[in-house]
Amino acid sequence: MGAMAGRNPNARGRDMVISMAVLIIPLALITWFFTVDPEPVVEPVDPGPTLAVAAEESPYPVLSPANLPADWTPTRVAWAADGERWITGEPAVGNSWQLGYLAPNEIYVAVQQRDRATQGFLRDVTREGVPEGSTVGIDGRDWERWVSADDRTRALVWRDGEMVAVVAGDTDFAQLEAFTGTLAAT
């Protein structure tokens, strides 16, 4: 018989390392690809059409910013007359208006209004907030300062008869007051 080729004593270890690399490298790449969080994309909305409908149908003056700096991005707008479908999918309780913006410091600030069932409305939009005990006058309106139970959310609340308007965000009162100062009734 002819001479048999000798077995390579390192083949076993080398083959195992190559096999492991073939498995581990793709798994590591797949894991990395699916765990990297991309920068969230902010989708701006055009509040104009919804604002026009709200201004026409609303029994109260609808508040929206005028002359807000261009680096504030509108991200949410909604209007529903009492009983119409609201953004939750449920019928709106009262005539309901919401307009939210992403501020330059990436804080969401919104103005919301409703003219019925205002206690539950205030509880929801202020995140279980309570009056802080002070008010601030802005453009002839007295706004109450509210703070959420966890001290995260601040809100300014203005009442006009049955209508309640709230400007809220997870920010300080200075930013809320600056935003509120741009609000005009339509």
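The structure under discussion appears in the preceding block.
Residues numbered from 1 in each chain as written. Predicted model: local features only at pLDDT ≥ 70, side-chain atom pairs only at ≥ 80, totals over all residues. Heavy atoms only, no water.

A. Quick look at the sheet that holds strand β2 (residues 73-80). Taken in spatial order, the 7 strands of this open sheet run β2-β3-β4-β8-β7-β6-β5, and their pairing is antiparallel. Either end of the sheet is taken by a strand with one partner, and the two such strands are β2 and β5 (130-138). The sheet shows a mean angle of 20° between the axes of neighbouring strands, direction not considered. One ladder, built from 4 bridges, connects strand β6 (residues 141-147) with strand β7 (residues 154-160); its direction is antiparallel. Considered in β7, the bridge of E144 is made with V157. (Pairing = 2+ DSSP bridges. Helix = DSSP H or I, 4+ residues; strand = E, 2+ residues; numbered from the N terminus. Axes fitted to C-alpha atoms, helices over the stretch in contact; angles between N-to-C directions.)

B. Structural context of the pattern of salt bridges. Counting across every chain of the model gives 6 salt bridges. Between R152 and D170 there is a salt bridge, with the nearest N and O atoms lying 2.7 Å from each other. Pair noted here: R152 is in the loop between β6 and β7 and D170 is in the loop between β8 (163-169) and α4 (173-180), with a separation of 18 residues, a long-range link. (Salt bridge = Lys/Arg side-chain N within 4 Å of Asp/Glu carboxyl O.)

C. Structural context of the side chain of S58. Among the structural elements, S58 can be located in the loop between α2 (48-57) and β1 (63-65). Reaching out from S58, the side chain makes a polar contact with the backbone oxygen of Y60 at a distance of 2.7 Å. (Polar contact = N/O pair within 3.5 Å; in protein donor to acceptor, adjacent residues only side chain to side chain.)

D. Structural context of the side chain of Q112. Along the chain, Q112 falls in strand β4 (residues 108-114). Take Q112: its relative accessible area is 14%, and that puts it in the buried class. Discounting residues that sit within four places of it in the chain, Q112 has contacts with W97, Q98, F121, V125, V164, A165 and V166. (Buried < 20%, exposed > 50% of the residue type's maximum accessible area, 1.4 Å probe, protein only. Contact = heavy atoms within 4.5 Å.)

E. Spatial organisation of the layout of surface pockets. Size it by volume and the largest pocket reaches roughly 230 Å³. Those elements giving two or more residues to the lining of the largest pocket turn out to be β4, α3 (118-125) and β8. Classifying every residue of the lining of the largest pocket by side-chain character gives 4 nonpolar, 4 polar and 4 charged. A volume near 160 Å³ is recorded for the second largest pocket. Looking at the second largest pocket, the residues that line it are W86, S96, W97, Q98, Q112, Q113, R114, A117, G120, F121, D124 and V125. At the level of elements, β3 (96-102), β4 and α3 are the ones that each hand at least two residues to the lining of the second largest pocket. Of all the elements, α3 adds the most residues to the lining of the second largest pocket, at 4 residues. Looking at the lining of the second largest pocket residue by residue, the class counts come to 5 nonpolar, 5 polar and 2 charged. (1 Å grid on protein atoms, 1.4 Å probe; cavity = no way out; pocket = protein on both sides within 12 Å on 5 of 7 lines; lining within 4 Å. Points joined across faces, edges and corners; volume = space filled by probe spheres on them. Nonpolar A, V, L, I, M, F, W, Y, C, P; charged D, E, K, R; others polar.)

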